Amino acid sequence: MADSGNKGTPLLDELEKGPWPSFVKEIKSMAKDNKMSQDLLGQLEKSYREKIGFWKHGGIVGVMGYGGGVIGRYSFLAEEFPNVAHFHTLRINHPSGWFYTSDALRTLCDIWERHGSGLTNMHGSTGDIVFLGTVTDELEPTFAELTANDFDLGGSGSDMRTPSCCVGPARCEWACYDTLHITNDLTQHFQDELHRPAFPYKFKVKCAGCPNDCVASVARADMSIIGTWRDAIQVDQAEVKACAKAGLDIQKDVCGNCPTKCIEWDGTALKIDNANCVKCMHCINAMPKALRPGKDRGATILLGSKAPIVEGALLSSVLVPFIKLEPPYDELKDLIERIWEFWGEHGKNRERVGELMQRVGLGNFLEAIEVEPVPEMIAHPRENPYVFYEEYYEEGEEEEEG
């Protein structure tokens, strides 16, 4: 390697110490046979030594017919480290729930060793399989091999990002809808929006099967689809007594931690005021054999979360308190398209949906996407008493006309 071969990598070597996994160790293992990984070590060591990042980000680069899926990256030190002059990243659309066979993983790794650095990230924060580092001339051959093996590129840029989900009913008994099926269905249905950027900025959809939200959709997705139920929690009183007999302090550890104090335990039976239950899952997680989600299951749709890029970080807020999610999901797809239509017309460049909602106001946003306001949409009681509803003005106008 051009630089590290002479001076070694003493700063990077420090990151191999300790009991935790090391990305340096993985890069070094690839560098034995891969010149791109060798020069990557050299440039990284220089970056650590001089405290400067030497990557150029951006540039129009991709595969024929797609506007997303490839993130262009170039080095400022192309002469010193020629093998990382280009270091493009490909995002590969992952299977729903991140289920792979060993053969599928070997196929992916073999393709990448032939065409790139061999370095992968399983997975990116959106969920994609990430192929780190290749040159422009290898993009099309890589894409050809991926599609020949039934893989496709994911989303990048101002488009719909690759939908992702938890393992749902495949591995989890709490799943309130089929996260795997709906994620695959949305991915197939919105192919054009996924591959050809046409939005003001990115739009992420993440599906969580229950309120535990194991994919952290409420903090990371423009649209969070979180499984829930609207009837009573199922209670097995015999198992509740077994939990108490086994040493669980139900009063302290379950009732005491209920956010709405809707659970009562008298030592013999557990009572739940389901009207005041906010579906936090704490009691079910604490006593998984005794309690289960209700039988009338569906999902809550939330909108607007994002990381702090232009504005501050946002968590998703409730848009649809409860919806039954059954194929072909036409009601959900229509809602998504109405949101995109308004966002596409009124959104500013690099403005996420959550920021648009803040800018135009929730009332105007709901009216534009044809969704009726309901109390569950309110984050906290209103602070301004001088707020009037449209019906007020309509009644006043009628009186004046009369």
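A quick note: this is a predicted structure, and the numbers were derived from the prediction, not measured.

If you walk through the whole model with that rule in mind, you get 9 aromatic pairs. Between Phe 199 and Trp 343, the ring centres sit 5.2 Å apart and the planes meet at 50°, which makes this aromatic pair tilted. A residue pair is termed long-range when its members are at least 10 positions apart, and Phe 199 in the loop between helix 8 (191-195) and strand 8 (205-208) and Trp 343 in helix 13 (residues 330-346) qualify at 144 residues. The buried category is assigned to Phe 199, whose relative accessible area is 16%. Arranged with centres 5.9 Å apart and planes meeting at 45°, the rings of Phe 203 and Trp 343 form a pair that is tilted. Residue Phe 203 is found in the loop between helix 8 and strand 8, and its partner Trp 343 is found in helix 13; the two are separated by 140 residues along the sequence. Ring-pair connections join several aromatic residues into one group, and the members of that group are Phe 190, Phe 199, Phe 203, Trp 340 and Trp 343.

Now for the packing of helix 3 (residues 23-31) against helix 4 (residues 35-50). Here helix 3 crosses helix 4 at 145°, and the two axes come no closer than 8 Å. Taking contact as the criterion, the partners of Phe 23, Ile 27, Lys 28, Met 30 and Ala 31 in helix 3 are, on helix 4, Ser 37, Gln 38, Leu 40, Leu 41, Leu 44 and Tyr 48. Taken together, the residues of the contact of helix 3 with helix 4 sort by class into 8 nonpolar, 2 polar and 1 charged.

Our focus in this paragraph is the confidence of the model for the chain. For the chain, the mean per-residue pLDDT works out to 92, and 92% of the residues sit at or above 70. For the stretch residues 1-6, pLDDT sits under 50, and the model shows 15 contacts to residues farther than four places along the chain or on other chains.

With that settled, the discussion passes to unusual backbone geometry. Peptide bonds are mostly trans, and most non-glycine residues show a negative phi. Looking along the chain, the bond that leaves Met 122 and enters His 123 is cis, with omega of 15°. Within the fold, His 123 resides in the loop between strand 5 (119-122) and strand 6 (129-132). Here Pro 327 and Pro 328 are connected by a cis peptide whose omega angle stands at 5°. Here Pro 328 lies in the loop between strand 15 (317-323) and helix 13. Its identity as a non-glycine residue notwithstanding, Trp 98 has a phi of 60°, on the positive side. Secondary-structure assignment places Trp 98 in the loop between strand 4 (89-92) and helix 5 (102-115). The class for Trp 98 is partly exposed, based on a relative accessible area of 27%. We note that Ala 216 has phi near 55°; this positive angle belongs to a residue other than glycine. Within the secondary structure layout, Ala 216 lies in the loop between strand 8 and helix 9 (217-220).

Each value, and the rule that gives it
- Residues numbered from 1 in each chain as written.
- Predicted model: local features only at pLDDT ≥ 70, side-chain atom pairs only at ≥ 80, totals over all residues.
- Heavy atoms only, no water.
- Phe/Tyr/Trp six-rings, centres within 6.5 Å; stacked < 30°, edge-to-face > 60°.
- Helix = DSSP H or I, 4+ residues; strand = E, 2+ residues; numbered from the N terminus.
- Buried < 20%, exposed > 50% of the residue type's maximum accessible area, 1.4 Å probe, protein only.
- Axes fitted to C-alpha atoms, helices over the stretch in contact; angles between N-to-C directions.
- Contact = heavy atoms within 4.5 Å.
- Nonpolar A, V, L, I, M, F, W, Y, C, P; charged D, E, K, R; others polar.
- pLDDT = per-residue confidence, 0-100.

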